[in-house]
Amino acid sequence: MKNRNSNIAMLLVLALSFMSFTTLKDKTVKVEESSVIWKGYKVGGEHTGTINLKSGTLSFDGKTLTGGNFSIDMTSINTTDLQGEYKGKLDGHLKSDDFFGVEEFPTATLEITSVTGKNGTFNVNADVTIKGKTEAISFPMLIKGNTATASLKIDRTKHNITYKSPSLLETLKDKAIYDDFDLNVTLKF
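Let me begin by describing the structure that accompanies this report. (Residues numbered from 1 in each chain as written. Predicted model: local features only at pLDDT ≥ 70, side-chain atom pairs only at ≥ 80, totals over all residues. Heavy atoms only, no water.)

## Concerning the nonpolar core
Next, step 1: If you look at the biggest cluster of nonpolar residues, it comprises 39 residues, and the most contacted ones within it are Leu 58, Phe 100, Leu 110, Phe 139, Met 141 and Leu 187.
Next, step 2: Residues within four places of Leu 187 in sequence aside, it is in contact with Val 29, Ser 34, Leu 53, Leu 58, Phe 70, Met 141, Asn 146, Thr 147 and Ala 148. (Core = buried A, V, L, I, M, F, W, Y, C linked by side-chain atoms within 4.5 Å. Buried < 20%, exposed > 50% of the residue type's maximum accessible area, 1.4 Å probe, protein only. Contact = heavy atoms within 4.5 Å.)

What follows is the structure in structure tokens.
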């Protein structure tokens, strides 16, 4: 009888384990259908543009977001609010060592470290690595159907991007570029 009960208990544990693994699922982000829009701010204005995802995965347990990771192609930085010579100059400057140093650091990453929430509304904690420096950030993410949206605020100085930072250059306040920039992300999967 004791042997029979332990066999039944073992089968029950195996069945429950199998069921829990079948609900875990990684979903590959469709990078061509997804978008990352950046916005940077300076005294007296702002600039906007796009940047491309190289790859991305969202992890789910049923309908609950549990994790994910993303690779961003920093060489794809593109200004969308300027044209011609000024667009070329800004794109080049953003790719230079003053900002993202894309020759040495062609890729940035985001790794989701923990998630809370349910029913499509989640609070995400993640590690963002830009120019080889990692910063922990938090942001809300909404998921509806096969689309996830998020708005992130990144402090560029946490990644050794200090060009014309008002927190470091008291004498250049009228030409300062603010430390935080925004990323508005739409992911299709």
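From this point, the narrative continues.
## Concerning the environment of Ser 34
Next, step 1: Positionally, Ser 34 belongs in the loop between β1 (24-28) and β2 (35-42).
Next, step 2: Within the structure, Ser 34 has its side chain in polar contact with the backbone nitrogen of Lys 188 (distance 2.9 Å). (Helix = DSSP H or I, 4+ residues; strand = E, 2+ residues; numbered from the N terminus. Polar contact = N/O pair within 3.5 Å; in protein donor to acceptor, adjacent residues only side chain to side chain.)

## Focus on unusual backbone geometry
Next, step 1: Even without being glycine, Asn 119 reaches a positive phi, approximately 55°.
Next, step 2: Considering the arrangement of structural elements, one finds Asn 119 in the loop between β5 (107-118) and β6 (121-130).
Next, step 3: The phi dihedral of Lys 131 falls on the positive side, at around 55°, and the residue is not glycine.
Next, step 4: Take Lys 131: it is sitting in the loop between β6 and β7 (133-144).

## Digging into the side chain of Ser 165
Next, step 1: Its place among the elements puts Ser 165 in the loop between β8 (147-155) and β9 (177-188).
Next, step 2: With a relative accessible area of 0%, Ser 165 lands in the buried category.
Next, step 3: At 2.5 Å, the side chain of Ser 165 forms a polar contact with the side chain of Asp 179.
Next, step 4: With residues near it in sequence (within four places) discarded, Ser 165 still touches Arg 156, Thr 157, Ile 177 and Asp 179.

## Description of the packing of aromatic side chains
Next, step 1: Following the criterion strictly, the structure yields three aromatic pairs and no others.
Next, step 2: Between Phe 100 and Phe 181, the aromatic rings sit 6.0 Å apart at their centres with planes inclined by 85°, giving edge-to-face as the arrangement. Of this pair, Phe 100 sits in the loop between α2 (84-95) and β5 while Phe 181 sits in strand β9, and the two are 81 residues apart along the sequence.
Next, step 3: Accessibility expressed as a relative area gives 12% for Phe 181, which makes it buried. (Phe/Tyr/Trp six-rings, centres within 6.5 Å; stacked < 30°, edge-to-face > 60°.)

## Topic: the pattern of salt bridges
Next, step 1: Tallied over the entire structure, the rule returns five salt bridges.
Next, step 2: Among the salt bridges present, the one from Asp 182 reaches Lys 153, with a minimum N-O distance of 2.7 Å. Pair noted here: Asp 182 is in strand β9 and Lys 153 is in strand β8, with a separation of 29 residues, a long-range link. (Salt bridge = Lys/Arg side-chain N within 4 Å of Asp/Glu carboxyl O.)

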